[in-house]
Amino acid sequence: MLYLALDPIAFRLGPLTVNWYGIILGTAALVGLLLAVNEGKRFKIASDFFMDLLLIGVPSAIVGARLYYVAFKWDYYSAHPGDIIKIWEGGIAIHGALIGAIIAAVIYVRKKGYSFWRIADICAPSLLIGQAIGRWGNFMNQEAHGGPVTEAFLRDTLHLPNFIVNQMNIGGVFYHPTFLYESLWNVAG
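Along each chain, residues carry numbers from 1 onward, in the same order as the chain's sequence is written. In view of the model being predicted, local features appear only for residues whose pLDDT reaches at least 70, and side-chain atom pairs are presented and counted only at 80 or more, with totals across whole chains, interfaces and linings using the full set of residues. For side-chain calculations, the full set of non-hydrogen atoms in the structure is used, while hydrogens and water are omitted.

Enquirer: Tell me what's going on with the overall build of the protein chain, and back it up with residues and numbers.
Expert: Here a strand is any run of E in DSSP of at least two residues, a helix any run of H or I of at least four, and the numbering for each starts at the N terminus. From N to C terminus, the protein chain includes eight helices and five strands. Put simply, the protein chain runs from its N terminus to its C terminus through helices and strands in the order β-β-α-α-α-α-α-β-α-α-β-β-α. Taking the principal axes of its C-alpha atoms as reference, the protein chain extends roughly 60 × 45 × 35 Å. Contacts were defined at the residue level, with two residues in contact if any of their heavy atoms lie within 4.5 Å. Of all intrachain contacts in the protein chain linking residues separated by at least 6 positions in sequence, the fraction that spans at least 24 positions is 67%.

Enquirer: Got a sec to walk through the packing of aromatic side chains? Specific residues and values, please.
Expert: Within 6.5 Å between ring centres, the rings of Phe, Tyr and Trp (the latter by its six-membered ring) count as paired, and their orientation is classed by plane angle as stacked under 30 degrees, edge-to-face over 60, tilted in between. All told, the structure shown has 11 aromatic pairs when counted by the stated rule. By way of ring pairs, the aromatic residues Phe49, Phe50, Tyr108 and Tyr114 are connected into one cluster.

Enquirer: Quick rundown of the nonpolar core? Include the residues and the values.
Expert: The tendency in soluble globular proteins is for nonpolar side chains to be buried side by side. Core analysis: the biggest nonpolar cluster contains 14 residues, and Ile45, Phe49, Phe50, Leu53, Val109, Ile119 and Cys123 have the highest contact counts within it. When contributions to this core are tallied by element, the ones reaching two or more residues are α1 (20–42), α2 (47–72), α4 (94–112) and α5 (116–141). At four residues, α5 tops the list of elements feeding residues into this core. Setting aside anything within four residues of it in sequence, one finds Phe49 in contact with Tyr108, Val109, Lys112, Tyr114 and Ile119. The nonpolar core is taken to be a set of buried Ala, Val, Leu, Ile, Met, Phe, Trp, Tyr and Cys residues, with the residues joined through side-chain atoms within 4.5 Å. Buried, partly exposed and exposed residues are distinguished by accessible area as a fraction of the type maximum, computed with a 1.4 Å probe on protein chains only: under 20%, between the cut-offs, and over 50%, respectively. One finds Phe139, Met140, Val149 and Phe179 within the second-largest nonpolar core, a separate group that totals 12 residues.

Encoded structure:
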């Protein structure tokens, strides 16, 4: 049987390559922002506050994600310090992203005079829906999957559609669609 994986590249504009991962993460951030802005209205918090929080939080999350990853691969990066900034080659960690974003949020929220816990409460559903959407970027890149499984498990036990089963065939081995598990748990949250 022929298994066709989805192309991680959405389109090209001359030398610029636009990946599905970026489109999906951008969509996740936008949906999360809209949800936070809407919830913030109940507490009379300006939408600009949440836009600024996002604009501060995303870069802080990227830096935190990279630093966390590098810290746990320090044997390599201490010998190759020039590679530390090569985020485009992969190597970020969600734990570091959360740490970086939370540190930036605590500082920003306190500077603006709001309760961090109130803002965290408002933004929690945004983080869940953002993560639910964002995990599909991992699906497109065939990364962050679980351990090996049989094709029959994916088709007959989980009853997954062909496009998911095909994408979970990586190098001739089928893998658990952990992106899907996490996405569904985030939606349930």
